[in-house]
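# Descriptive structure summary
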Amino acid sequence: MNRVRPIYRPLAAVQLLNEIAQSETKRRQYAESQGAKALERLKQTEQELKKVDKFRKKMEAKKKRGQHKAKKHQARAKKRRKKGKK
């Protein structure tokens, strides 16, 4: 401000304020766009997680059925051994 002539100082101050406001507007817009992008990524990740969760549940159910079958098979084998010993 000291470099500007005293007669032009009010005009220079207004111009500086306008430039500051402009840069703040750009920063705000950038922050909002980044926030929107982050929100979109979050939604997409949640959707993918739901898909994976469904798959995980399906796999757990298959595993439980397999374990149940294995127990049944072992029980039958034990029963057959007991019958054979009598």
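To start, this report covers the structure provided alongside it. Everything quoted here is computed from the prediction, not taken from an experiment.

On a plain count of helices and strands, the protein chain comes out with 1 helix and 0 strands. At 36 Å, the protein chain has a C-alpha radius of gyration far larger than the 12 Å of a compact globule built from 86 residues. Based on the C-alpha atoms only, the size of the protein chain along its principal axes is roughly 120 × 20 × 10 Å. Total accessible area on the protein chain stands at roughly 9000 Å², and carbon and sulfur atoms take up 56% of it. Side-chain charges of the protein chain comprise 31 positive and 8 negative groups, with the mean position of each set lying 23 Å from the other.

Looking now at a positive patch on the surface. A cluster of basic residues, Lys 58, Lys 62, Arg 65, Lys 69, Lys 72, Arg 76 and Arg 80, forms a positive patch at the surface. Note on placement: Arg 80 falls in helix H1 (residues 9–85).

Right, let's talk about the pattern of salt bridges for a bit. Pairing between side chains becomes possible if they bear opposite charge and their charged atoms approach one another. Enumeration over the complete set of coordinates arrives at 5 salt bridges. Here Arg 27 makes a salt bridge to Glu 24, at a shortest N to O gap of 3.1 Å. With Arg 27 and Glu 24 both in helix H1, this residue pair falls 3 residues apart, about one helical turn. For Glu 24, a relative accessible area of 40% corresponds to the partly exposed category.

Nonpolar side chains collect at one region of the surface, where Ile 7, Tyr 8 and Leu 11 lie side by side and expose about 380 Å² of accessible area between them. Position of Ile 7 among the secondary structure elements: in the segment before H1.

Attention now moves to the environment of Arg 3. Within the secondary structure, Arg 3 is located in the segment before H1. Since its relative accessible area comes to 87%, Arg 3 is described here as exposed. Remark: the alpha-carbon pair of Arg 3 and Arg 41, spanning 38 residues in sequence, is separated by 49 Å.

Reading guide: rules and limits
Numbers given for residues are sequential positions, taken from 1 along each chain in its written order. The predicted origin of the model limits local features to residues at a pLDDT of at least 70 and limits the giving and counting of side-chain atom pairs to 80 or more, whereas totals for whole chains, interfaces and linings rest on all residues. Side-chain numbers here rest on the full set of heavy atoms in the structure, without hydrogens or water. The helix count covers DSSP runs of H or I at least four residues long, the strand count covers runs of E at least two residues long, and both are numbered beginning at the N terminus. Radius of gyration here uses only the C-alpha atoms, and the compact-globule reference equals 2.2 Å multiplied by the residue count raised to the power 0.38. To be clear on the numbers: accessible area is Shrake-Rupley with a 1.4 Å probe, and residue cover counts the displayed protein chains and nothing else. Under the counting rule used here, the positive set is Lys and Arg, the negative set is Asp and Glu, and His together with the chain ends is not counted. Every charge is mapped to an atom, namely NZ of Lys, CZ of Arg, CG of Asp or CD of Glu. Only residues whose relative accessible area exceeds 30% and that form no salt bridge enter a patch; like-charged residues are grouped when within 9 Å of one another, and nonpolar side chains (Val, Leu, Ile, Met, Phe, Trp, Tyr) when within 5 Å. Whenever Lys or Arg places a side-chain nitrogen within 4 Å of a carboxyl oxygen from Asp or Glu, that contact is recorded as a salt bridge. When accessible area is computed with a 1.4 Å probe and restricted to protein chains, residues below 20% of their type maximum are described as buried, those above 50% as exposed, and intermediate ones as partly exposed.

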